[in-house]
Amino acid sequence: MKCDAYRGDLLEAAAVPGELKEQVRGHVEECSQCRAILQREQRLFAAVDEALRARMEDVPRAGFLADVRARISQEPGPRASMNPWWALAAASVIVVLLALAIPRASLQKQPVAVATPTISTSRSQAKPRFAESAGAEARHDRGLRLAKRQVTAKNLDRQPEVLVPPDEREALAKFVMHLRQRDEIARALASPQVDENSEFSAIKPVEIARLQLKRLVWKSWASGDDRQGEEER
Amino acid sequence: MQDVALIRPGRTAETELALQSEKSALRREFEDRLEECGTLAFRVARGVVHNAADAEDVAQEALLRAYRHFERLRDRSRFRAWLVRMTFRLALDQTRSARRREQRETLWAVAVPKPDVEAMAASNEFGRRVSEAMESLPEKLRLVLLLSSIDGHSLEEVAELLQIPQGTVKSRLHAARKRLAEKLR
């Protein structure tokens with residue numbers, strides 16, 4: 001009965017190496033059966049630790065890291081992929097913004113349609129005649145700016161895309177850079193800067209406004225023949 | 001077949017080159033980490049799967065995945081913890097699928113005589129029993145037990161690797177050893 005009370009403590013003591021509690025130590029010194037149990041448990045835990053250590057001491061073969069490097073070199077590179085949670089958060093923000101923007105856009109549309117029958121394409125043009133307030137004008141300008149930005153973004157997206165293997169991307173980038181340099185040279189040749197010291201700089205460009213252009217007058221074929229006859233005579 | 005990617009030639013060449021150099025820098029950084037953590041990944045896998053060849057496959061796959069998503073890892077100091085968890089999970093998946101495959105095959109195969117267990121060395125037999133007992137442990141306890149057995153990691157090191165409090169490591173380790181011993185008694 002007394003031994004049963006210490007059984008749990010004995011197992012605990014074997015699992016955690018360290019000093020035994022005062023009472024347990026006293027009992028173990030007295031009771032040979034409990035001492036044997038403690039020793040058996042301690043041996044068991046030592047064997048478990050040993051087995052785990054032996055298994056964990058395995059090392060990979062010599063070419064392991066080289067193989068990993070070889071496989072990595074075949075990879076296109078670390079991907080800039082978005083964390084799914086971030087993607088979800090971004091999507092929900094977009095949905096909320098859209099939900100807020102759509103009703104506002106429909107509200108803005110009505111006064112502009114009624115008050116400004118013509119749509120000005122630049123800010124320097126006359127202000128909308130029937131604009132009721134400065135707020136309406138500001139909204140109008142903001143709309144134009146947004147439209148311009150969208151057009152620019154669309155143009156950027158429309159740039160052509162090509163399929164390139166990963167090992168040729170750098171070469172293509174250099175090639176594009178080279179083409180750009182050539183493009184700059186061609187542009188410079190096509191529109192050379194005027195040298196003020198050059199003799200050609202004295203020649204003034206033709207002024208179209210000062211040219212006097214006479215209207216063509218019809219002369220009959222007969223008058224031409226008469227002139228020819230006179231010359232023969 | 002070679003992988004190809006869509007790029008825009010209209011994009012400035014400087015940007016393209018800058019991207020390339022950034023990727024090269026990332027690759028170099030990863031290769032430094034590979035040198036440091038390659039063996040750790042193998043050992044974590046070895047603690048779960050049954051042989052060294054499978055452990056190598058699992059570790060290789062884990063390292064490859066780590067490389068693919070390396071850019072996503074903002075705090076690079078957590079690389080070891082990240083790699084350990086990924087390897088452990090992959091190793092568990094591999095073991096489960098291997099077990100399922102084995103079960104499917106044994107349904108059709110003629111009973112193969114088992115190797116003479118008596119002839120096995122006692123240590124090998126005990127090692128096998130330890131492996132079986134470990135497989136029955138909950139994942140959290142198992143991972144702590146594995147890591148504390150690798151290179152004699154201290155509680156503090158395991159806590160750092162798993163990014164959990166030291167007290168949690170201590171209690172999990174204690175519970176794991178007790179359960180293991182119960183199964184081996």
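Because the structure is predicted, anything quoted here is derived from the model rather than measured.

What counts as what
Residues numbered from 1 in each chain as written. Chains lettered and ligands numbered in written order. Predicted model: local features only at pLDDT ≥ 70, side-chain atom pairs only at ≥ 80, totals over all residues. Heavy atoms only, no water. Helix = DSSP H or I, 4+ residues; strand = E, 2+ residues; numbered from the N terminus. Buried < 20%, exposed > 50% of the residue type's maximum accessible area, 1.4 Å probe, protein only. Areas by Shrake-Rupley, 256 points an atom, 1.4 Å probe, with all protein chains shown as cover. Contact = heavy atoms within 4.5 Å. Axes fitted to C-alpha atoms, helices over the stretch in contact; angles between N-to-C directions. Parallel < 35°, antiparallel > 145°, perpendicular 65-115°, else oblique. Nonpolar A, V, L, I, M, F, W, Y, C, P; charged D, E, K, R; others polar. Phe/Tyr/Trp six-rings, centres within 6.5 Å; stacked < 30°, edge-to-face > 60°. Expected span 1.5 Å × (residues − 1). Polar contact = N/O pair within 3.5 Å; in protein donor to acceptor, adjacent residues only side chain to side chain. Core = buried A, V, L, I, M, F, W, Y, C linked by side-chain atoms within 4.5 Å. Salt bridge = Lys/Arg side-chain N within 4 Å of Asp/Glu carboxyl O. Disulfide = S-S within 2.5 Å. Patch = residues over 30% accessible without salt bridge, like charges linked within 9 Å, V, L, I, M, F, W, Y side chains within 5 Å. Arc of directions from axis to C-beta. pLDDT = per-residue confidence, 0-100.

The subject of this paragraph is the overall build of chain A. Each helix and strand counted, chain A has eight helices and one strand in total. Tracing chain A from N to C terminus, the helices and strands come up as α-α-α-α-α-α-β-α-α. A buried classification covers 17% of the 233 residues belonging to chain A. Accessible surface computed for chain A: about 19,400 Å², of which carbon and sulfur atoms make up 58%.

Here we take up the overall build of chain B. Of the regular secondary structure elements, chain B holds seven helices and one strand. What you see in chain B, going N to C, is helices and strands ordered as β-α-α-α-α-α-α-α. Split into buried and exposed, the 185 residues of chain B put 40% on the buried side. In chain B, the proportion of contacts linking residues at least 24 apart, taken out of those at least 6 apart, comes to 67%.

Residues and elements named next belong to chain A. Between helix H2 (residues 22–30) and helix H3 (residues 32–56), the least distance of the axes is 5 Å, while the angle of their chain directions is 110°. In this view, H2 runs roughly perpendicular relative to H3, as classed from their interaxial angle. Contact with H2, carried on its side by His27, Val28, Glu29 and Glu30, involves Ser32, Cys34, Arg35 and Leu38 of H3 and no other residues of that element. Of the residues contributing to the contact of H2 with H3, the split by class is three nonpolar, two polar and three charged.

Now for the packing of aromatic side chains. For the coordinates displayed, the defined rule picks out six aromatic pairs over all chains. By the ring-pair criterion, three or more aromatic residues cluster together here, those being B:Phe30, B:Tyr67, B:Phe70, B:Phe79 and B:Trp82.

Residues and elements named next belong to chain B. With 17 residues, helix H2 (residues 52–68) extends 24 Å between its outermost C-alpha atoms, agreeing within 8% with the 24 Å of an ideal straight helix rising 1.5 Å per residue. When H2 is considered as a whole, its buried residues turn out to be Ala55, Glu56, Val58, Ala59, Gln60, Ala62, Leu63, Leu64, Ala66, Tyr67 and Arg68. Sitting at the amino-terminal end of H2 is Asn51, which places a side-chain oxygen 3.2 Å from the backbone nitrogen of Ala53.

Below, the discussion takes up the nonpolar core. A general feature of soluble globular proteins is that nonpolar side chains tend to end up buried together. Core analysis: the biggest nonpolar cluster contains 73 residues, and B:Phe30, B:Phe79, B:Val84, B:Leu145, B:Leu147, B:Leu162 and B:Leu180 have the highest contact counts within it. Sequence-distant contacts of B:Val84, defined by excluding residues within four places in its chain, comprise B:Leu40, B:Val44, B:Leu143, B:Leu147, B:Leu161 and B:Leu162.

For the rest of this paragraph, the subject is the pattern of salt bridges. All names here are of chain A. Evaluation of the coordinates by the stated rule reveals 14 salt bridges over all chains. Salt-bridge contacts for Glu41 lead to Arg40; the nearest nitrogen and oxygen are separated by 3.7 Å. Classification of Glu41 by relative accessible area gives buried; the value is 1%. Its salt-bridge partner being Asp67, residue Arg61 comes within 2.6 Å of it at the nearest N-O pair.

With that settled, the discussion passes to unusual backbone geometry. Residues and elements named next belong to chain B. In this structure, Gln163 is a non-glycine residue whose phi angle is positive, near 55°. Structurally, Gln163 can be placed in the loop between helix H6 (155–162) and helix H7 (166–184). A relative accessible area of 41% means that Gln163 is categorised as partly exposed.

Going through the model one piece at a time under the given rule, you end up with zero disulfides over all chains. Of all cysteine sulfurs in the structure, the one in A:Cys34 sits closest to A:Cys3, which takes part in no disulfide; the separation is 3.6 Å.

As a further point, take a nonpolar patch on the surface. All names here are of chain A. Taken together, the side chains of Val93, Val96, Leu97 and Leu100 define a hydrophobic patch exposed on the protein surface, amounting to about 380 Å² of accessible area. When you line up the elements, Val96 lands in helix H5 (residues 84–115). Under the relative-accessibility criterion, Val96 is labelled partly exposed at 47%.

What follows deals with the side chain of B:Thr87. Residues and elements named next belong to chain B. Position of Thr87 relative to the elements: it lies in helix H3 (residues 79–108). A polar contact is formed between the side chain of Thr87 and the backbone oxygen of Leu83, at a distance of 2.6 Å. If we ignore the near neighbours within four places in the chain, the residues touching Thr87 are Ala41, Val44, Ala45, Val58, Ala59 and Ala62.

For the rest of this paragraph, the subject is helix H4 (residues 64–73) of chain A. Along H4(A), the positions that sit buried rather than exposed are A:Phe64, A:Leu65, A:Val68 and A:Ile72. All buried residues of H4(A) lie within an arc of 95° about the axis, which places them on one face of the element.

Turning our attention to the confidence of the model for chain A. All names here are of chain A. Of all residues in chain A, 59% attain a pLDDT of 70 or more, and the chain-wide mean is 71. Mean pLDDT values over the elements of chain A span from 53, in helix H8 (residues 221–232), up to 88, in H4. Overall, residues 112–131 carries pLDDT values under 50, and its contacts beyond four positions in sequence, including any with other chains, amount to 14 contacts.

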